[in-house]
Amino acid sequence: MHYNFKEIEKKWQKKWGEEKPFSVKEDDSREKYYVLEMFPYPSGKLHMGHVRNYSIGDVVARFKKMNGYNVLHPMGWDSFGLPAENAAIQRNIHPNEWTWSNIESMREQLKGLGMGYDWDREVATCHPDYYKWTQWMFLKLYKNGLAYKKKSFVNWCPSCSTVLANEQVVNGACERCSSTVTKKDLEQWFFRITKYAQRLLDDIEKLKGWPDKVKTMQQNWIGRSEGVEVDFKVDGLDKTVRIYTTRPDTIFGVTYMVMAPEHPLAKEIIEGTEQEKACTEFIEKMKFLSELDRTATDVEKEGVFTGRYVVNPLNGDKVPLYLGNYVLADYGTGVVMAVPAHDQRDFEFSKKYNLPVKVVIQPEGEELNAESMTEAYEDVGYLVNSGQFDGIKSDEAIDRIIDYIEEKSFGERKVNFKLRDWLISRQRYWGAPIPVVYCDDCGIVPVPEEDLPVVLPVDVKFKGAGESPLATNEEFLKAKCPKCGKEGRREIDTMDTFVCSSWYFLRYCDPCNDKLPFEKESVDYWMPVDQYIGGVEHAILHLLYSRFFMKALYDMGYVSYDEPFKNLLTQGMVLKDGAKMSKSLGNVVSPEEIVEKYGADTARLFILFASPPEKDLEWSDQGVEGCYKFINRVWRIINHFIDIVKGDYEVNPAGFTKEDKDLWFVINNSVKRVTDDIEKRFNFNTAISAIMELVNAFYNYSDKVPDEKKNKGIIKSGIEKMILMLAPFIPHAAEELWCSIGKEGSVHDEKWPGYDESALVKDEIEIVVQINGKVRDKIVIPAGLDKKEMEEKALESEKIKMAIEGKNVVKVISVPGKLVNIVVK
């Protein structure tokens, strides 16, 4: 047999395409297993990161299938979004045409890699049959008070006359035309994810199978804090500004306040003051900066005095009110109190603008002097200059001061979250239309469910400049008001693509349903996803949004689980020359080139063998060549023993020679190691290493043992187990080898091999003998000897006798089953 991977892979891919071996349906008699990789954006070609992600999932799916599970392993396309629009501009091709062409190409690539998907469940988020139900989700959220519209600042390109997503702003400029991007206050649609903030935080404890780093990222993103909101009166105006603080123990030390430039009261506060011009210029300047630019830790904090003062209700102090670049209107209350003596950021700001510093917490046994301080004191201490609270330990004073604030009606206790409501409006064309009609008489009217989908028109001219084509498409814009029947107009915003990907795993459970997004019974059978696989870059947005959707649907009664993903694996990146593969660096390795030269099985084997899945993987041409050679070694050894494997032989331990026992041990030990490495740890690299050791053991056995003395039962059993263990990793080659040894049916329908526990108990073991810590011999001894017996055997070695002759043995250290170390002088 010659390993002709091109013929073999083409043959089995054709067969799998005809027989659909991975097509499944609900089966209450079998335990289900739902394995899912994050679905790709159809950009045109798979990259090595894709190959790694999908190979990991495919091994898990095939392994579970061979272990008797009813395995759901689907694939689809996250196909709306910005890249298609950019491609439309750059290539003068419609986003619809570009997207579907890419889907076709990438689907064939996945099939060419031998991925075992249930293609009957394939979904594409840009297909009306899918986004009909995305719109249905919107309506359900709207009905339940979880979707609403309000004004919000967005990125605005004055040249293109359009709103830009954050991804479209590069160094403060429009990526399309390089014009300077400004901020614009527009009506936007939001999902009220903040209503679920506490549940999303509490239920992180349920995520036992998630990496700790991902759970920590979500906890930090949600950002729960306990504190108090306090009202400060604006001196000279009938207005108050409200602040939120987690450090009420420092409130007597407030020496200035800082307001977000875009705060709703900002213009009213600066109007008529001597600072109006300077503040207006500062507000305009801030419009050109992103939130990231303003809040990054290494960005210098800037501010400007408003000309107004606010009054501290606890001590009557009048303190100046500033506008600051580091305060955001939609985080907290949009105003922060500043205590420079006890907050480093405030301390630096106060020094820059020559603002006073007031000490209100003294460390025990020391006395801080505000004038000589070089940095803020942020630790626990005792209150001073704090009225009736003087002398109280600062951490104990927090609750007492909050009680006082509530008692005097200065403010109220508050739990705050960093998490903000999800802005889903996108002023773009290539997305799911928001199913809303605006009526002059009735206002916002949701489209009735029976009228879904609101179809995204394809016959539009896509120019990339100016408004979305939807704004100029009269046929789309005009719509009867569903409530009163009068002429209305459709919403021209489309939904954030994260909405589409926040529920796709549910659609896979019932993809052909045209009456509902899914039947509850189907979802209850398959969900939750048992193993989810994808990049850690999705740790916050996609994974958090999916959890929000699941909880909302659970509360509405559509699902029986409120967490979507039981276990999560975040795979590392594929690197070359120490850097992530990218066209700009010129270090991209094309999967197609590797498949063409070495075959899909080699590509899969290398990507799984080169590194543990959660670690970054350094590309190695030599490593790929090595994996190809290994498959050829497997091919040759099986071909060498093929007549024996086809024969009718049984394993009979009674007649084992030492060589037989050694090989039988390696066979059974390999099965145990591979099983444990896949099932318990997902350590595919060490699992493959165990199979490689088994192949080496067969070569050694073949060389050492004459043909007439070879144990045919061991060979037959061992080769069969080897092929079965290789099946999840190199599926085409395994199918061909299974067929070549005379087996009927698919290797992937076979039962995963078991192992003989008794074979793992060795009669003899090899131990190391050291002298003063240096290895001087290796000896074979009976298994199970105690320390004293091991020492005796070690001292009987001729090499050891010669090495210690004429020296004093100080002591002997023994590690049972491993080594003996003789200390001499």
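- Named according to an unreviewed UniProt entry, the chain is Leucine--tRNA ligase originating from Acetivibrio saccincola.
- Reading the Subcellular location (unreviewed entry) entry of the UniProt record for the chain gives the comment "Cytoplasm".
- Its UniProt record gives the chain the following Catalytic activity (unreviewed entry) comment, quoted word for word: "tRNA(Leu) + L-leucine + ATP = L-leucyl-tRNA(Leu) + AMP + diphosphate".

**Quick look at the overall build of the chain**
Part 1 of the argument: Across its full length, the chain holds 28 helices and 34 strands.
Part 2 of the argument: The principal-axis extents of the C-alpha atoms in the chain amount to approximately 105 × 80 × 50 Å.
Part 3 of the argument: Residues classed as buried in the chain amount to 54% of the 825 residues present.
Part 4 of the argument: Sequence-distant contacts, at least 24 apart, represent 72% of the contacts inside the chain between residues at least 6 apart.
Part 5 of the argument: A total accessible area of about 37600 Å² is found for the chain, and carbon and sulfur atoms account for 47% of it.
Part 6 of the argument: Taken as two groups, the 111 positive and 131 negative side-chain charges of the chain have centres that lie 2 Å from each other.

**Digging into the packing of helix H23 (residues 658-681) against helix H24 (residues 684-704)**
Part 1 of the argument: Put simply, H23 and H24 touch, their axes get as near as 8 Å, and they point 165° apart. Taken together, H23 and H24 sit at an angle that is classed as roughly antiparallel. The two elements H23 and H24 meet at a crossing, and its hand is left-handed. Taking contact as the criterion, the partners of Glu 659, Asp 660, Leu 663, Val 666, Ile 667, Ser 670, Arg 673, Val 674, Asp 677 and Ile 678 in H23 are, on H24, Phe 684, Thr 686, Ala 687, Ala 690, Ile 691, Glu 693, Leu 694, Ala 697, Phe 698 and Tyr 701.
Part 2 of the argument: Here the contact of H23 with H24 is built from residues that sort into 13 nonpolar, two polar and five charged.

**Comments concerning the domain arrangement of the chain**
Part 1 of the argument: Each assigned domain of the chain is listed with its residue range as follows: domain 1 (29-131 + 498-585), domain 2 (132-192 + 422-497), domain 3 (224-417), domain 4 (591-760) and domain 5 (764-824).
Part 2 of the argument: A straight line from the C-alpha centre of domain 2 to that of domain 4 covers 55 Å.

**A short note on a negative patch on the surface**
Part 1 of the argument: A contiguous patch of negative charge on the surface is contributed by Asp 786, Glu 789, Glu 792 and Glu 796.
Part 2 of the argument: Mapped onto the fold, Glu 789 is located in helix H27 (residues 787-796).
Part 3 of the argument: Judged by relative accessible area, which is 34%, Glu 789 ranks as partly exposed.

**Details of the sheet that holds strand E24 (residues 487-490)**
Part 1 of the argument: Pairing is antiparallel in the open sheet, where four strands are placed in the order E22-E21-E24-E23. Every other strand in the sheet has two partners, leaving strand E22 (443-446) and strand E23 (478-480) as the edge strands with one partner each. In this sheet, neighbouring strand axes are inclined to one another by 45° on average, regardless of whether the strands run parallel or antiparallel.

**Quick word on helix H12 (residues 394-407)**
Part 1 of the argument: With 14 residues, H12 should reach 20 Å at 1.5 Å per residue; the first-to-last C-alpha distance of 20 Å fits that figure.
Part 2 of the argument: All of the buried residues in H12 are Ser 394, Ala 397, Ile 401, Ile 402, Tyr 404 and Ile 405.
Part 3 of the argument: Phi turns positive, to about 60°, at Ser 409, one or two residues after H12.

**A look at the packing of helix H21 (residues 621-640) against helix H26 (residues 731-740)**
Part 1 of the argument: Remark: H21 packs on H26, axes separated minimally by 11 Å, with the N-to-C direction vectors making an angle of 5°. Comparing their axes, H26 and H21 come out roughly parallel. Contacts from Val 634, Trp 635 and Ile 638 in H21 reach Ala 733, Glu 736 and Leu 737 in H26.
Part 2 of the argument: Among the residues forming the contact of H21 with H26, the class breakdown is five nonpolar, no polar and one charged.

**Examining the pairing of E24**
Part 1 of the argument: Pairing geometry for strand E21 (residues 436-439) and E24, over two bridges, is antiparallel. Each bridged residue has a counterpart across the sheet, and for Val 437 the counterpart in E24 is Arg 490.
Part 2 of the argument: One ladder, built from three bridges, connects E23 with E24; its direction is antiparallel. Opposite Lys 480, over in E24, you have Glu 487 as the bridge partner.
Part 3 of the argument: Taken together, E23 and the strand that follows it, E24, pair antiparallel across an intervening segment of six residues, in which Gly 485 is found at a positive phi of about 85°.

**Concerning the side chain of Glu 37**
Part 1 of the argument: Within the secondary structure layout, Glu 37 lies in strand E1 (residues 32-37).
Part 2 of the argument: Buried charge without a partner: Glu 37 forms no salt bridge, and the closest opposite charge is Arg 604, 9.1 Å away.
Part 3 of the argument: Engagement of the side chain of Glu 37 in a polar contact is seen with the side chain of His 73, the distance being 2.6 Å.

**Examining the packing of aromatic side chains**
Part 1 of the argument: Considering all chains together, one arrives at 51 aromatic pairs under this definition.
Part 2 of the argument: Ring geometry for Phe 305 and Tyr 322: centres 5.6 Å apart, planes at 40°, overall tilted. Residue Phe 305 is found in strand E13 (residues 303-311), and its partner Tyr 322 is found in strand E14 (residues 318-324); the two are separated by 17 residues along the sequence.
Part 3 of the argument: Counting every residue linked through ring pairs, the aromatic cluster contains Phe 138, Tyr 142, Trp 189, Phe 191, Tyr 196, Trp 422, Phe 498, Tyr 545, Phe 548 and Phe 549.
Part 4 of the argument: Its guanidinium or amino end placed over the ring of Phe 476, Arg 490 lies 5.9 Å from that ring's centre, counting from NZ or CZ.

**Regarding the state of the cysteines**
Part 1 of the argument: Per the counting criterion, the structure on display carries zero disulfides.
Part 2 of the argument: No disulfide involves Cys 439; its sulfur sits 3.6 Å from the nearest other cysteine sulfur, which is in Cys 484.
Part 3 of the argument: Residue classification places Cys 484 among the partly exposed positions, given a relative accessible area of 35%.

**A short note on unusual backbone geometry**
Part 1 of the argument: In this structure, the amide linkage connecting Leu 452 to the following residue, Pro 453, adopts the cis form with an omega of 5°.
Part 2 of the argument: Mapped onto the secondary structure, Pro 453 falls in the loop between E22 and helix H13 (469-472).
Part 3 of the argument: Of the consecutive residues Met 527 and Pro 528, the connecting peptide bond is found in the cis state with omega at -5°.
Part 4 of the argument: Among the structural elements, Pro 528 can be located in the loop between helix H17 (520-526) and strand E26 (531-535).

**Section: the UniProt feature "short sequence motif: 'HIGH' region" (unreviewed entry) in the chain**
Part 1 of the argument: Under the UniProt annotation, the feature "short sequence motif: 'HIGH' region" (unreviewed entry) is placed at residues 40-50.
Part 2 of the argument: Secondary structure over residues 40-50 splits into 27% helix and 0% strand, and the C-alpha atoms at its two ends are 8 Å apart.

**Focus on the environment of Leu 544**
Part 1 of the argument: Locating Leu 544 in the fold gives a position in helix H18 (residues 541-556).
Part 2 of the argument: Sequence spacing of Leu 544 and Lys 566 is 22 residues, and the spatial spacing of their C-alpha atoms is 14 Å.
Part 3 of the argument: Look past the residues within four positions of Leu 544 in its chain and what remains in contact with it is Ile 193, Leu 200, Gln 218, Trp 221, Ile 222, Leu 419 and Ala 539.

**A closer look at the sheet that holds strand E29 (residues 579-580)**
Part 1 of the argument: Here we have three strands laid out as an open sheet, ordered E29-E28-E30, and mixed in their pairing. Since the sheet does not close on itself, it has two edges, and those belong to E29 and strand E30 (617-618), each with one partner.
Part 2 of the argument: Pairing of strand E28 (residues 574-576) with E29, which is carried by two bridges, proceeds in the antiparallel orientation. Residue pairing for E29: Leu 575 is matched across the bridge by Lys 580.

**Observations regarding the environment of Gly 488**
Part 1 of the argument: As for its position among the elements, Gly 488 is in strand E24.
Part 2 of the argument: For the pair Gly 488 and Tyr 322, spaced 166 residues apart in the sequence, the C-alpha separation amounts to 45 Å.
Part 3 of the argument: Not counting the four nearest positions on each side in its chain, Gly 488 is found in contact with Val 437, Tyr 438, Leu 477, Lys 478, Ala 479, Lys 480 and Cys 481.

**Structural notes on the pattern of salt bridges**
Part 1 of the argument: Evaluation of the coordinates by the stated rule reveals 58 salt bridges.
Part 2 of the argument: Between Asp 562 and Lys 206 there is a salt bridge, and its shortest N-O distance comes to 3.1 Å. Within this pair, whereas Asp 562 is found in the loop between H18 and strand E27 (568-571), its partner Lys 206 is found in the loop between helix H6 (197-202) and helix H7 (212-222), the two being separated by 356 residues in sequence.
Part 3 of the argument: According to the relative accessible area criterion, Asp 562 is buried, its value standing at 13%.
Part 4 of the argument: Judged by relative accessible area, which is 46%, Lys 206 ranks as partly exposed.

Conventions we followed
Residues numbered from 1 in each chain as written. Predicted model: local features only at pLDDT ≥ 70, side-chain atom pairs only at ≥ 80, totals over all residues. Heavy atoms only, no water. UniProt positions renumbered as here; feature names shortened; annotations may be inferred. Helix = DSSP H or I, 4+ residues; strand = E, 2+ residues; numbered from the N terminus. Buried < 20%, exposed > 50% of the residue type's maximum accessible area, 1.4 Å probe, protein only. Contact = heavy atoms within 4.5 Å. Areas by Shrake-Rupley, 256 points an atom, 1.4 Å probe, with all protein chains shown as cover. Lys, Arg positive; Asp, Glu negative; His and termini not counted. Charge placed at Lys NZ, Arg CZ, Asp CG, Glu CD. Axes fitted to C-alpha atoms, helices over the stretch in contact; angles between N-to-C directions. Parallel < 35°, antiparallel > 145°, perpendicular 65-115°, else oblique. Left-handed = near helix turned anticlockwise from the far one by under 90°. Nonpolar A, V, L, I, M, F, W, Y, C, P; charged D, E, K, R; others polar. Domains from an automatic or database assignment. Patch = residues over 30% accessible without salt bridge, like charges linked within 9 Å, V, L, I, M, F, W, Y side chains within 5 Å. Salt bridge = Lys/Arg side-chain N within 4 Å of Asp/Glu carboxyl O. Pairing = 2+ DSSP bridges. Expected span 1.5 Å × (residues − 1). Polar contact = N/O pair within 3.5 Å; in protein donor to acceptor, adjacent residues only side chain to side chain. Phe/Tyr/Trp six-rings, centres within 6.5 Å; stacked < 30°, edge-to-face > 60°. Lys NZ or Arg CZ within 6 Å of the ring centre and 35° of its normal. Disulfide = S-S within 2.5 Å.

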